[in-house]
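Now for the letters of each chain:
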Amino acid sequence: MYNKRTIIPGLAIFVLFVTFPLWFNAFSTASTVPKTELPPGGEKQCVASASEMRASHMALLNEWRDEVLRDGGRIAVTVNGKEYRKGLQMACMQCHTNKEKFCDSCHEYVSVTPYCWDCHLTPTAAAEKKETH
Amino acid sequence: MKYAFSFLAVIALVLIAGLGSQIPGMPYLFGVALPYLALMIFLGGCVYRVVQWAKSPVPFSIQTTCGQGKSLDFIKHDRLEAPNTTAEVVARMFLEIVTFRSLFRNTKSEIYDGPQITYESSKWLWMFALIFHYSFLVIVVRHMRLFLDPVPVWISWLEYGDGLFQVGAPTWYITDIGLLAGVALLFSRRLITRHVRFISLMNDYFPLVLIFGIALSGILMRYFLRTDIDIVNIKQLAVGLVTFSPTIGAEIGAIFYIHLFLVCALLAYFPFSKLMHFAGVFMSPTRNMKNTSRAKRHINPWNPRILPHSYAGYEDEFREFMVDAGIPVEKELAPKKDED
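Residues numbered from 1 in each chain as written. Chains lettered and ligands numbered in written order. Predicted model: local features only at pLDDT ≥ 70, side-chain atom pairs only at ≥ 80, totals over all residues.

The helix and strand tally for chain A stands at 6 helices and 2 strands. Ordered by position from the N terminus, the helices and strands of chain A form the series α-α-α-β-β-α-α-α. Its C-alpha atoms put chain A at 75 × 35 × 30 Å along the principal axes. Across chain A, contacts joining residues at least 24 apart in sequence account for 58% of those joining residues at least 6 apart. (Helix = DSSP H or I, 4+ residues; strand = E, 2+ residues; numbered from the N terminus. Contact = placed C-beta atoms within 7 Å.)

Scanning chain B from N- to C-terminus turns up 14 helices and 2 strands. Rg of the C-alpha trace for chain B: 30 Å, well past the compact-globule value of 20 Å for 340 residues, more than 25% over. Here the C-alpha coordinates of chain B stretch approximately 110 × 65 × 45 Å along the principal axes. (Rg over C-alpha atoms; globule rule 2.2 N^0.38 Å.)

The interface of chain B with chain A comprises 37 residues on the first partner and 32 residues on the second. Contributing elements (two or more residues each) for the side of chain B that touches chain A: helix H2 (26-55), helix H6 (153-162) and helix H10 (231-242) of chain B. With 7 residues, the single largest contributor to the side of chain B that touches chain A is H2(B). Residues of the side of chain B that touches chain A, tallied by class, amount to 23 nonpolar, 6 polar and 8 charged. (Nonpolar A, V, L, I, M, F, W, Y, C, P; charged D, E, K, R; others polar.)

Successive residues of a regular strand alternate their side chains across the two faces of the sheet. Residues and elements named next belong to chain B. Within strand E2 (residues 116-121), only 0 of the 6 residues are buried, which leaves it mostly out in the open. Where strand E1 (residues 107-112) lies against E2, 6 bridges are found, and the strand directions are antiparallel. Residue pairing across strands places Tyr 112 opposite Gln 116, the latter belonging to E2. (Buried ≥ 20, exposed ≤ 12 C-beta atoms within 10 Å, placed from the backbone. Pairing = 2+ DSSP bridges.)

Time to look at the nonpolar core. Counting 50 residues, the largest nonpolar core has B:Val183, B:Leu210, B:Phe261 and B:Leu266 as its most contacted members. With sequence-adjacent residues up to four places away left out, B:Leu210 is seen in contact with B:Val10, B:Leu262, B:Ala265 and B:Leu266. (Core = buried A, V, L, I, M, F, W, Y, C linked by C-beta atoms within 7 Å.)

Quick look at the environment of A:Pro40 now. Residues and elements named next belong to chain A. Following the sequence through the fold, Pro 40 ends up in the loop between helix H2 (20-26) and helix H3 (50-70). Residue classification places Pro 40 among the exposed positions, given that 12 C-beta atoms sit within 10 Å. Taking the C-alpha atoms as reference points, Pro 40 and Ile 8, separated by 32 residues in sequence, lie 58 Å from one another. When residues no more than four places from it in sequence are discounted, the contact partners of Pro 40 are Thr 97 and Asn 98.

Before going further, it helps to spend a moment on the confidence of the model for chain B. The predicted coordinates should not be examined in detail at positions where pLDDT is low. Summing up the model confidence of chain B, the mean pLDDT is 90 and the portion of residues at 70 or higher is 99%. Interface scoring of the predicted complex returns ipTM 0.88; its pTM is 0.87. (pLDDT = per-residue confidence, 0-100.)

Following this line, the structure appears as C-alpha cells:
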C-alpha cells in the first residue's frame, strides 16, 4: 500500500464520520422515549383517533389555521356529537392543558420546533396575561 | 432500455419492501437486520476499495495541469492549476471537492455554419451537481436528528434554515426540492445530450433512479402518506439501531420500510458503484499530485533494483571466461600458483 500516512488517517476519519451516531449516543445521556400526558380533565374523545392525531395533527392544525385566518371559516367541527371550535387554544389546549408535558415532550425528543407559539399562548401564559391587564 | 431497466429495478425494490414489511415479523428484517447488513457492506466495501486503490502504484507525477507550471521567476505561475507545493495541492483539492471546479470548466465544442467551431464552458452540469450534492449533504445531516439523542443544537439550526419558508406543516424543506430537481436534471441530461446518452450505462442511470426513489419515498412519507408514521416510534427505532438495542415500538407504515429499504440498497450498492467517486476524488492522481515533474525526479516504485555495474566489475566477474575465449582483457589473469 502506498501513501499510508495519508490514506490510513483518511480512512479512519471516514469510518469515524459514518459511525458518528454510535459515538455520540455512547457518550451522551439518553432521554427516555416520551409518553404524552393524557388530558388532565379525563376527556377520552378527540377530533380524530389517537394514531391519526399522532401521525398528522400538524397537518390538521395547518388546515384549520388556513381555513380560519385566510378564508374566515370559523365554523366549528362536530365529531361524535361534540363540537370543537377550530383552533389550537380553543380546541386542543382546552383538554391538553399542559404544553410542556403534552406538546414539548415529543417535539423536543425528535427536534421539531413548530412555530405555533410564535403567536399562540399556552393556557398558563394566557391566564398570566389576563391577570396583568 | 438501460434507463427503463433502472426504473424496473427500483420498482422491484419498492415492491419487495412494501409487501415484505407487511408480513408479520418481517419489520425486524427490514427495520433492523438489513440496515445493519447494509451499513457493514458500505463501510467494509468502501475501505476495501480505497485500500485496493492505494495498492496501485502511481509511477509518475501525472497531474493534469491547466495552467502555467512553476518556471522562471518572471513567468507567472498558476498556483491552483499547476500546484507546486503541498499547500497548493491542498488548496486545489479543497476547491475541487467543495466547489467542483473541474465541472465548472466542462468545455463543450459546437460546430456552426461556416463551418465554424466554438468552445464554450457549459455550466449546467456544474450547477446541477452543486444543487444535488449539497442538498444530499444537508439531508443526510438533517436525518441525524433521528439518530442522535439528545439532538445537538446545530442540527436544529440546519433544520430551521432548510425549512425557512415555513410552507405547510410539517414544513417543506428547500433541500427536498433541490435533491429531486438535481436528480431529475442529472438524469435528463443523460437522456437528452446525445453524446452523454451514448456513453451512459445501466450503472449511471440506476443510482440516479434509486436516489430519486429514496427522495420521493421520503417526501411521500413526510407529507402525504402519514398513516402510522409516528416520528417518535421511528426515532426510537433509529436510536435503538445506533445503540445496539433496536426496538420497533408500534406498527410503522409501509412507506417507512420502503424508504429505509431503498437507503439500504443504496448503501449496499455504494462500494461497487460509480458512487465511489466520493472517495475516488481524494485518490485521483491527476488532482492530488504536485506539478513537479521537472523539479523532482519521480522514480517508478515497481522498478527492479538494478545496481550500477562498471566495466571493471564486469571484467572481474567474467575474466577467466574472457581469457578462455580469447577476448582481450584490460587486466591479465593472476599467474597460477601450481605452475611454480
